[in-house]
Amino acid sequence: HRDVDQMSALGLYVHIPFCPQICPYCAFASLTGGEDQYERYVEAVCTELRVVSKTCAARAFETVFFGGGTPSKLEPDQLERILVAAAQSFGLAAGAEITLEANPGTADFAKFKGFRDAGFNRLSIGVQSFADESLKTLGRVHSAAEAERAYQVGREAGFDNINLDFIFGIPGSPWTHWLDSLERIVALAPEHVSTYGLTIEEGTLLAERLRQGRWKP
């Protein structure tokens with residue numbers, strides 16, 4: 001906590017482990033289902049914020065990031081309660097960037113609008129690819145069309161700061177898939193793009209398939 005106190009800026013990461021599916025490349029703590037645990041988890045995060053704020057010099061968060069898992073699986077009011085707990089325990093700096101990760105398969109205007117009204121001002125959409133074949137290889141449950149629609153829904157819901165996540169180096173994916181995705185990104189013109197080379201993490205389905213010789217990196 002002493003190191004935290006000496007930092008010039010303070011950020012908060014909130015992990016929401018609930019997810020529509022476990023992607024074969026994902027090594028993050030996540031689980032499918034668990035709807036009966038949503039409320040308990042939200043309360044636990046709020047409690048932890050209050051406890052931690054008492055053990056270090058509380059300062060306003062300049063950035064807040066809800067990742068997962070799929071944070072957009074929860075309801076806007078549930079995530080808002082966590083934001084309120086963060087604001088009450090530490091404070092939120094004026095103009096703080098507050099990001100919500102979203103899976104294209106959970107895109108819904110009313111829900112996205114609810115997240116925007118709750119205080120989230122940046123949306124990060126896990127597109128990963130605009131090629132359906134590549135999405136299938138990655139084990140994603142959404143299509144390229146659904147991903148693009150999620151981006152449009154985010155805009156319609158009032159988000160003027162959107163990030164799109166993409167993965168390159170997908171096994172069996174031709175170079176043209178990556179180029180096509182880049183062209184569509186440029187056409188959409190998001191405020192930010194994050195690209196990741198596909199990595200093989202121990203404990204994932206992808207690592208097991210590699211050991212079985214079912215695919216090559």
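Quick caveat: nothing in here was measured; it's all calculated off a predicted structure.

Draft legend 1. Representation of the packing of helix α3 (residues 76–89) against helix α4 (residues 109–118) in the model. Contact pair α3 / α4: the axes reach a minimum separation of 9 Å and the direction vectors enclose 15°. In terms of axis orientation, α3 runs roughly parallel to α4. For the element pair α3 and α4, the recorded crossing hand is right-handed. When α3 is examined against α4, the residues Pro76, Leu79, Glu80 and Leu83 are found in contact with a partner set consisting of Lys111, Gly114, Phe115 and Ala118. Residues belonging to the contact of α3 with α4 are distributed by class as follows: five nonpolar, one polar and two charged.

Draft legend 2. Expanded view of the pairing of strand β5 (residues 92–102). Here five bridges tie strand β4 (residues 61–68) to β5, and the two strands are oriented parallel to one another. Pairing of phenylalanine 66 across the sheet is with leucine 100, part of β5. Handedness of the β4-α3-β5 crossover: right-handed.

Rules of the game
Residues numbered from 1 in each chain as written. Predicted model: local features only at pLDDT ≥ 70, side-chain atom pairs only at ≥ 80, totals over all residues. Heavy atoms only, no water. Axes fitted to C-alpha atoms, helices over the stretch in contact; angles between N-to-C directions. Helix = DSSP H or I, 4+ residues; strand = E, 2+ residues; numbered from the N terminus. Parallel < 35°, antiparallel > 145°, perpendicular 65-115°, else oblique. Left-handed = near helix turned anticlockwise from the far one by under 90°. Contact = heavy atoms within 4.5 Å. Nonpolar A, V, L, I, M, F, W, Y, C, P; charged D, E, K, R; others polar. Pairing = 2+ DSSP bridges. Right-handed = clockwise from strand over helix to strand, strands pointing away.

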